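Spelled out, the chains give:
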Amino acid sequence: MRKFDTKVQHLKYKVLREVARVAWQDQLLEKMPDIPKIIVPTDTATMRCCVYKERAIVTERIKLALGGDRSNPNVIEVIDIACDECPVDGYSVTEDCRGCIAHRCEDVCKRGAITFDEHQKAHIDKSKCVECGQCAKVCPYSAITNRKRPCQNACKVHAISMDENKAALIDNNKCIACGACVYQCPFGAIMDKSFIIDIIDLLKKSENNTKYKVYAVVAPAIASQFTYATLGQALSGIKELGFYHIVEAALGADMVAYEECKELAEKGFLTSSCCPAFVDYIEKQFPQLKEHISHNLSPAATIARYIKKTDPTSKIVFIGPCTAKKMEFQKEQVRPYIDSVMTFEELQALYDSRDIDITKLGEDVLNNASYYGRIFARSGGLTDAVQQGLKERDLADFDYKPIACDGIEACRMALLRASKNALPNNFIEGMACVGGCIGGAGCLTHGEKNKNDVDKYGMLALEKDISSAISLMNL
């Protein structure tokens, strides 16, 4: 069974795997120059002009695997030489234009950008066109198309433009590190920085140092990943890597839901704080709504704080589907609790860098969280958990009017209405990735099946309500 959705993910994984392999062996400096040749042998067919350019790109991927450009605060970076200079014509008329006499495209264009040749074929004057798209909407033959780069199409916060060489350029003032561009770029020219070397260093030191233990805080979205093995085997693999203990981030979700419902009842209007990309989006695009963001930390940070308080010797690594988490853990209010972050893609690379075949392992279990904490992984899960929290805290009389925003575009519409006092809802659940965390850029697989897997995982929880899970907190 395939481990990844795309070949781009597989290439990224191979680089991470080889970097991790030499890091475990303490041979990072000596063997680093050999990795491009291992990934791209001389006799390998390549989609680039030659294996030498492919190796040059692999070298840039290695830099990102080592943490990337430290002067760039963003965890999402562009590999310039890998960017294929995709067509960026914007709206253009295709050969499907029939030269009709209705000329609806001309009538709807307020800028006078549409003209016709001697065959009545339409043409767009780029010096006048403002890319409004009205002509495309009214064309009866769908002959006008919008040729945008996949990364630009994927970026719903309009953080991607072009530099002078027509390579993708990321505006850090707009980017929310959701990673949508990372997953959608067909050439793998946009990648998230990795902290995999730091994590290996933590694990290696913990083997010979009794002064601290490395805990893995695992996102509930893991239930939909590693489809070639069982969840229990994936958990056993984490232990094999050297982690002392595994805790569900879903337990932090239980804690957040239990407090967030109370905060909502007290304030009357609230936006969720669970998705770091959504929080970042509010802070950058809707600063007037910042005061309405829940004061709670994200589930990962909440449970990490609890672990640190319970075990002062602990080091915490969050494992999940989220590239924005790599930005979140570096924030001042989170840094004391989470020591590093890696994605499911990186976890797979770590398994294979140590030749751990998880299909041959026994099954470990997680029994920390409730059903409601676990379903945070998909869109609507938080909304259901807050409703349950209101019930359990005897706040059911509160007139709960939630809206679950699935994807950043849905978030934008809700926030726009809220900013104009035109939103009838009093609680906004914001998920930047479509589908929720199960749609995160760091997932191995994406799709509707993932939602079903998370719901099944939720049903397996021993604790069926939030307060029961919290009352049994004993890590």
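Quantities reported herein were computed from a predicted structural model and do not represent experimental measurements.

Focus on the overall build of the protein chain
When its secondary structure is counted, the protein chain shows 20 helices and 15 strands. Relative to a compact globule of 475 residues, whose C-alpha radius of gyration would be 23 Å, the protein chain shows 24 Å and is just as compact. In terms of overall dimensions, the protein chain has a C-alpha envelope of 80 × 65 × 40 Å along the principal axes. In the structure as shown, the protein chain presents an accessible area of about 21,600 Å², 49% of it carried by carbon and sulfur atoms. Put simply, the protein chain has 61 plus and 63 minus side-chain charges, and the middle of one group is 1 Å from the middle of the other.

What to know about the pairing of strand 9 (residues 213-218)
Strand 9 sits mainly inside the fold: five of its six residues count as buried. Here strand 9 runs beside strand 12 (residues 314-320); their pairing, made up of six bridges, is parallel. The partner of valine 214 across the bridge, within strand 12, is lysine 315. In this structure, strand 9 lies alongside strand 10 (residues 245-248), joined through four bridges in parallel fashion. In the sheet register, alanine 216 faces strand 10, and the bridge partner there is isoleucine 246. Handedness of the crossover is the feature at issue here: the chain leaves strand 9, passes through helix 10 (residues 231-240), returns alongside strand 10, and the resulting connection is right-handed.

Some remarks on helix 17 (residues 381-392)
The end-to-end C-alpha separation of helix 17 is 16 Å, in line with the 16 Å expected for 12 residues at 1.5 Å each. Among the residues of helix 17, Gly381, Leu382, Thr383, Ala385, Val386, Gln388, Gly389 and Leu390 are the ones counted as buried. Summarising the contacts, the buried residues of helix 17 are in contact with helix 11 (249-267), helix 16 (371-374), strand 14 (402-406), strand 15 (427-431) and helix 20 (466-471). Phi turns positive, to about 55°, at aspartate 394, one or two residues after helix 17.

Description of the packing of helix 12 (residues 276-285) against helix 18 (residues 408-419)
Running from N to C, helix 12 and helix 18 cross one another at 40°; their axes reach a closest spacing of 11 Å. Relative to helix 18, helix 12 is oriented oblique. Crossing hand, helix 12 versus helix 18: right-handed. Facing helix 12, whose interface residues are Phe278, Tyr281 and Ile282, helix 18 presents Ile408, Cys411, Arg412 and Leu415. Among the residues forming the contact of helix 12 with helix 18, the class breakdown is six nonpolar, no polar and one charged.

Structural notes on the sheet that holds strand 10
Spatially, 10-9-12-13 is the arrangement adopted by the four strands of the open sheet, whose pairing is parallel. For this open sheet the edge positions go to strand 10 and strand 13 (340-343), each flanked by a neighbour on one side alone. Taken pair by pair, the neighbouring strands of this sheet meet at an average axis angle of 30°, ignoring direction. Where strand 12 and strand 13 come together, four bridges link them in parallel fashion. Bridge pairing in strand 13 links valine 317 to serine 340. Of the strands in this sheet, strand 9, strand 10 and strand 12 touch helix 10, which is tilted by about 135° from strand 10.

Points about the packing of aromatic side chains
Under the criterion given, the structure shown has eight aromatic pairs. Consider the rings of tyrosine 400 and phenylalanine 427, whose centres lie 6.2 Å apart with planes at 45°: the pair is tilted. Of this pair, tyrosine 400 sits in the loop between helix 17 and strand 14 while phenylalanine 427 sits in strand 15, and the two are 27 residues apart along the sequence. The same class applies to tyrosine 400 as to phenylalanine 427, namely buried. Of the aromatic side chains, those joined through ring pairs into one cluster are Phe226, Phe344 and Tyr351. Against the face of tryptophan 24 rests arginine 354, its NZ or CZ located 4.1 Å from the ring centre.

A word on the pattern of salt bridges
Taken as a whole and assessed by the stated rule, the structure comprises 27 salt bridges. The closest approach of N and O atoms between aspartate 311 and lysine 213, which form a salt bridge, is 3.6 Å. Separated by 98 residues along the polypeptide, aspartate 311 in the loop between helix 13 (299-310) and strand 12 and lysine 213 in strand 9 bring together distant segments of the chain. Owing to a relative accessible area of 26%, lysine 213 belongs among the partly exposed residues under this scheme. Its salt-bridge partner being aspartate 399, residue lysine 401 comes within 3.4 Å of it at the nearest N-O pair. Judged by relative accessible area, which is 38%, lysine 401 ranks as partly exposed. Owing to a relative accessible area of 48%, aspartate 399 belongs among the partly exposed residues under this scheme.

Concerning the sheet that holds strand 15
Pairing is parallel across the open sheet formed by three strands, whose spatial order is 11-15-14. Either end of the sheet is taken by a strand with one partner, and the two such strands are strand 11 (270-271) and strand 14. With five bridges connecting them, strand 14 and strand 15 associate as parallel partners. Opposite alanine 404, over in strand 15, you have glutamate 429 as the bridge partner.

Quick notes on helix 12
The buried fraction of helix 12 amounts to seven of the 10 residues, a majority that puts the element mostly inside the structure. Where helix 12 is buried, its residues touch strand 11, helix 14 (325-328), helix 18 and strand 15.

Concerning the packing of helix 1 (residues 7-24) against helix 15 (residues 344-353)
It is at 8 Å that the axes of helix 1 and helix 15 come closest, and there the two elements cross at 50°. Judged on the interaxial angle alone, helix 15 and helix 1 are oblique. For the crossing formed where helix 1 meets helix 15, the hand is right-handed. Between helix 1 and helix 15, the residues in contact are Gln9, Lys12, Tyr13, Leu16, Arg17, Ala20, Arg21 and Trp24 and Glu345, Glu346, Gln348, Ala349, Leu350, Asp352 and Ser353, respectively. Split by residue class, the contact of helix 1 with helix 15 holds six nonpolar, three polar and six charged.

Section: the state of the cysteines
Tallied over the entire structure, the rule returns zero disulfides. Cysteine cysteine 155 shares no disulfide, and the gap to the nearest cysteine sulfur, in cysteine 181, comes to 6.4 Å. For cysteine 155, a relative accessible area of 12% puts it in the buried group.

What counts and what doesn't
- Residues numbered from 1 in each chain as written.
- Predicted model: local features only at pLDDT ≥ 70, side-chain atom pairs only at ≥ 80, totals over all residues.
- Heavy atoms only, no water.
- Helix = DSSP H or I, 4+ residues; strand = E, 2+ residues; numbered from the N terminus.
- Rg over C-alpha atoms; globule rule 2.2 N^0.38 Å.
- Areas by Shrake-Rupley, 256 points an atom, 1.4 Å probe, with all protein chains shown as cover.
- Lys, Arg positive; Asp, Glu negative; His and termini not counted.
- Charge placed at Lys NZ, Arg CZ, Asp CG, Glu CD.
- Buried < 20%, exposed > 50% of the residue type's maximum accessible area, 1.4 Å probe, protein only.
- Pairing = 2+ DSSP bridges.
- Right-handed = clockwise from strand over helix to strand, strands pointing away.
- Expected span 1.5 Å × (residues − 1).
- Contact = heavy atoms within 4.5 Å.
- Axes fitted to C-alpha atoms, helices over the stretch in contact; angles between N-to-C directions.
- Parallel < 35°, antiparallel > 145°, perpendicular 65-115°, else oblique.
- Left-handed = near helix turned anticlockwise from the far one by under 90°.
- Nonpolar A, V, L, I, M, F, W, Y, C, P; charged D, E, K, R; others polar.
- Phe/Tyr/Trp six-rings, centres within 6.5 Å; stacked < 30°, edge-to-face > 60°.
- Lys NZ or Arg CZ within 6 Å of the ring centre and 35° of its normal.
- Salt bridge = Lys/Arg side-chain N within 4 Å of Asp/Glu carboxyl O.
- Disulfide = S-S within 2.5 Å.

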